[in-house]
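# Summary of structural features
Each chain is listed here by its residues.
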Amino acid sequence: MTIAILLISFFALMLIGVPIAISLGASALLTMIIATDLPLGSIITQAFTSLDSFSLLAIPLFILTGVLMGKGGVSKRLLKLADVLVGYLVGGLALGTVLASMFFAAISGSGPATVAAIGSFMIPSMVERGYNRSFAAAVTASAGSIGVIIPPSIPFIMFGIVGGVSIGSLFLAGIIPGIILGLGLMIVAYLIAKKNNFPTEGKFPTFKDVLLAINYAKWALLIPVIILGGIYSGFFSPTESAAVACIYSIVIGLFVYKELTLKKLYESIYEAVILNIPVVIIISFSISFAYLLSIERIPSAIAQYITGISENLIVTMLIISAFIFIVGMFIDTISAVVILTPILLPVATAVGVDPIHFGVIMIANLAVGYVTPPLGVNLFVASNISNETIERITIALIPFIVVMLVIIALIILVPQLSLFIPNLTS
């Protein structure tokens with residue numbers, strides 16, 4: 001009765017256009033009124049106390065860092081480096097988009113921010129040089145999904161907080177899967193570009209060309225080194241690393257690249273605040289929703305049901321992955337992490353999956369949700385930039401989505417892809 005009211009009211013509210021954050025809070029409140037004896041004030045208490053977390057401060061700081069780096073001239077330097085490395089190949093602009101997105105992902109930690117920063121340059125450039133508009137948007141949208149896997153990753157931070165897992169270890173665990181996903185997307189883009197005879201750009205780079213491009217982008221490339229190096233050298237925590245990255249981005253934008261004016265600094269802070277407001281609301285009401293689930297022992301019931309289907313590790317993880325993938329099509333990533341982690345993490349650990357490995361599997365599945373209707377955020381950002389319809393972009397995305405799902409299956413089958421670097425540093 002409780003879970004039926006909770007889920008039906010939640011999806012009913014979403015279907016009539018109520019924002020997801022409000023749908024989460026309202027469905028939890030309605031369920032408490034109808035089906036439980038819990039005090040109604042507890043939902044507000046949970047919503048407020050959930051935000052009293054030092055680790056959560058990393059999220060607005062990484063959001064601000066991504067915005068600052070985008071306005072401070074970092075994007076074009078990363079694009080220049082990517083162009084030198086892969087621009088000479090067939091479909092070089094598409095390959096460069098994926099590679100630049102991988103670089104920028106190591107700064108922003110956000111999928112939509114990566115699409116906006118890279119796509120605003122690359123989608124018009126690809127269209128101008130004869131690339132299919134829907135293909136250009138699809139490449140950029142799918143490449144932006146890597147932003148939540150390569151560290152620093154905002155969803156990894158949420159998973160670490162909710163699941164009690166080391167955020168630093170999650171960051172390290174995302175490196176190899178993120179690179180493999182990027183390479184997979186580049187292969188698909190190359191094959192499609194070759195089939196359609198899309199143009200090449202530039203010439204095969206000399207060693208000097210590569211060194212000059214690296215030198216041009218060196219201050220941007222230092223950011224992930226500072227973040228991960230600082231965390232694992234013991235100089236600062238993940239939250240403190242976000243603050244350091246934020247200050248660093250201001251310094252190089254103002255005094256090194258000199259493209260971040262005081263006006264742009266104000267605009268960056270304003271934009272980051274606007275981006276962070278819905279994130280904070282979603283986190284607070286998601287935790288209230290998850291609190292009601294735990295009080296009613298719904299996670300344990302779902303866990304028993306899943307393990308009742310099969311206790312085989314591979315079968316269980318494939319079932320869980322399919323479930324997460326479907327959820328990611330309808331619920332934003334942060335809400336999904338907060339709600340699903342207490343439900344699915346105990347199931348994964350019960351069949352012998354390392355919590356860090358499971359974190360990568362969960363976030364990778366939810367990353368696909370960034371490019372799948374009806375909620376795909378990257379899809380909408382790419383559509384706005386390219387002026388292409390969602391339907392056409394979605395069709396162009398199919399081969400990219402397929403390769404992402406294949407790589408997720410590989411991550412499940414080969415845990416060392418996620419665990420090699422964390423085990424190496426432990």
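Structural notes, computed from the coordinates. Not measured: the values here are computed from a predicted model. (Residues numbered from 1 in each chain as written. Predicted model: local features only at pLDDT ≥ 70, side-chain atom pairs only at ≥ 80, totals over all residues. Heavy atoms only, no water.)

### Concerning the packing of aromatic side chains
Taken as a whole and assessed by the stated rule, the structure comprises seven aromatic pairs. Considering the side-chain rings of F135 and F400, the 6.3 Å spacing of their centres and the 40 degrees angle between planes classify their relative orientation as tilted. Highlighted residues: F135 in helix α8 (residues 133-144) and F400 in helix α21 (residues 390-413), separated in sequence by 265 residues. By the ring-pair criterion, three or more aromatic residues cluster together here, those being Y131, F135, F198 and F400. (Phe/Tyr/Trp six-rings, centres within 6.5 Å; stacked < 30°, edge-to-face > 60°. Helix = DSSP H or I, 4+ residues; strand = E, 2+ residues; numbered from the N terminus.)

### Thoughts on the layout of surface pockets
Reported here for the second largest pocket is a volume of approximately 300 Å³. Considering the residues around the second largest pocket, the lining is formed by 17 residues, among which L7, F11, F323, V327 and L340 are closest to the centre. Elements with a minimum of two residues in the lining of the second largest pocket: α1 (2-15), α15 (262-295), α16 (298-309), α17 (313-328) and α18 (333-350). Grouping the constituent residues of the lining of the second largest pocket by class yields 17 nonpolar, no polar and no charged. (1 Å grid on protein atoms, 1.4 Å probe; cavity = no way out; pocket = protein on both sides within 12 Å on 5 of 7 lines; lining within 4 Å. Points joined across faces, edges and corners; volume = space filled by probe spheres on them. Nonpolar A, V, L, I, M, F, W, Y, C, P; charged D, E, K, R; others polar.)

### Overview of the side chain of S134
Within the secondary structure, S134 sits in helix α8. Polar contacts involving the side chain of S134 include one to the side chain of N132, which spans 2.4 Å. If we skip the residues at most four places from it in the chain, S134 touches E388, R392, I393 and A396. (Polar contact = N/O pair within 3.5 Å; in protein donor to acceptor, adjacent residues only side chain to side chain. Contact = heavy atoms within 4.5 Å.)

### Describing a nonpolar patch on the surface
A cluster of nonpolar side chains, I22, Y266, I269, Y270, V273, I274, I277 and I281, forms an exposed patch at the surface whose accessible area comes to about 770 Å². It is α15 that contributes the most residues to the nonpolar patch, seven residues altogether. Looking at the secondary structure, you find I281 in helix α15. (Patch = residues over 30% accessible without salt bridge, like charges linked within 9 Å, V, L, I, M, F, W, Y side chains within 5 Å. Areas by Shrake-Rupley, 256 points an atom, 1.4 Å probe, with all protein chains shown as cover. Salt bridge = Lys/Arg side-chain N within 4 Å of Asp/Glu carboxyl O.)

### Describing unusual backbone geometry
Glycine aside, residues mostly have negative phi angles, and peptide bonds mostly take the trans form. The linkage connecting P151 with the following residue, P152, adopts the cis geometry, with an omega of -5 degrees. Tracing the sequence through the fold places P152 in the loop between α8 and α9 (154-163). If you check the backbone angles, N197 has positive phi at about 55 degrees while not being a glycine. Mapped onto the elements, N197 comes out in the loop between α11 (175-195) and α12 (207-216). The backbone of N387 shows a phi angle near 60 degrees, a positive value even though the residue is not glycine. Along the chain, N387 falls in the loop between α20 (377-386) and α21. Overall, the relative accessible area of 67% leaves N387 in the exposed class. (Buried < 20%, exposed > 50% of the residue type's maximum accessible area, 1.4 Å probe, protein only.)

### Focus on helix α14 (residues 238-256)
Between its terminal C-alpha atoms α14 stretches 25 Å, which fits the 27 Å expected from 19 residues at 1.5 Å a residue. Among the residues of α14, those classed as buried are P238, T239, S241, A242, A245, C246, Y248, S249, I252 and G253. As for α14, its buried residues are in contact with α4 (58-71), α5 (74-86), α10 (167-173) and α13 (218-233). Phi for K258, located one or two positions after α14, is positive at around 55 degrees. (Expected span 1.5 Å × (residues − 1).)

### Observations concerning the packing of α4 against α15
Contact geometry for α4 and α15: axes closest at 9 Å, N-to-C directions at 145 degrees. Crossing hand, α4 versus α15: right-handed. Residues I59, P60, I63, L64, V67, L68 and K71 of α4 form the contact with α15, whose own contacting residues are K264, L265, E267, S268, I269, E271, A272, L275, N276, V279 and I283. (Axes fitted to C-alpha atoms, helices over the stretch in contact; angles between N-to-C directions. Left-handed = near helix turned anticlockwise from the far one by under 90°.)

### Observations concerning the pattern of salt bridges
Counted under the stated rule, the structure contains three salt bridges. For E259, the salt bridge is made with R77, and the minimal N-O distance between the two is 3.1 Å. Here E259 is found in the loop between α14 and α15, whereas its partner R77 is found in helix α5, with 182 residues between them in sequence. The partner of E388 in a salt bridge is R392, with the nearest N and O atoms 3.9 Å apart. Judged by its relative accessible area of 54%, R392 falls in the exposed class.

### Some words on the nonpolar core
The biggest cluster of nonpolar side chains holds 140 residues, and the ones touching the most others in it are I59, F135, L344, F358, M362 and F400. It is α21 that provides the largest number of residues to this core, a total of 12 residues. Listed in part, the five residues of the second largest apolar core include L81, V84, A213 and A217. (Core = buried A, V, L, I, M, F, W, Y, C linked by side-chain atoms within 4.5 Å.)

### A look at the packing of α9 against α18
Interhelical geometry of α9 versus α18 gives an angle of 35 degrees and a closest axis separation of 9 Å. For the element pair α9 and α18, the recorded crossing hand is right-handed. Here I154, P155, M158, F159, V162 and G163 of α9 come into contact with α18, specifically with T333, I334, V337, V338, T341, P342 and L345. Split by residue class, the contact of α9 with α18 holds 10 nonpolar, three polar and no charged.

### Here we look at the environment of I179
Position of I179 among the secondary structure elements: in helix α11. The exposure class of I179 is partly exposed, given its relative accessible area of 39%. Residues I179 and A117 lie 62 residues apart in sequence; the distance between their C-alpha atoms is 19 Å. What I179 contacts, discounting residues up to four positions off in sequence, is M102 and I150.

### Things to note about the side chain of S268
In this fold, S268 is placed in helix α15. Ignoring sequence-local partners within four residues, the contact set of S268 consists of L64, V67, L68, K71 and L260.

### Some details on the environment of P355
Inspection of the secondary structure puts P355 in helix α19 (residues 355-368). In contact with P355, not counting residues within four places along its chain, are F159, V165, L345 and T349.

Nothing here speaks to function; it is geometry throughout.
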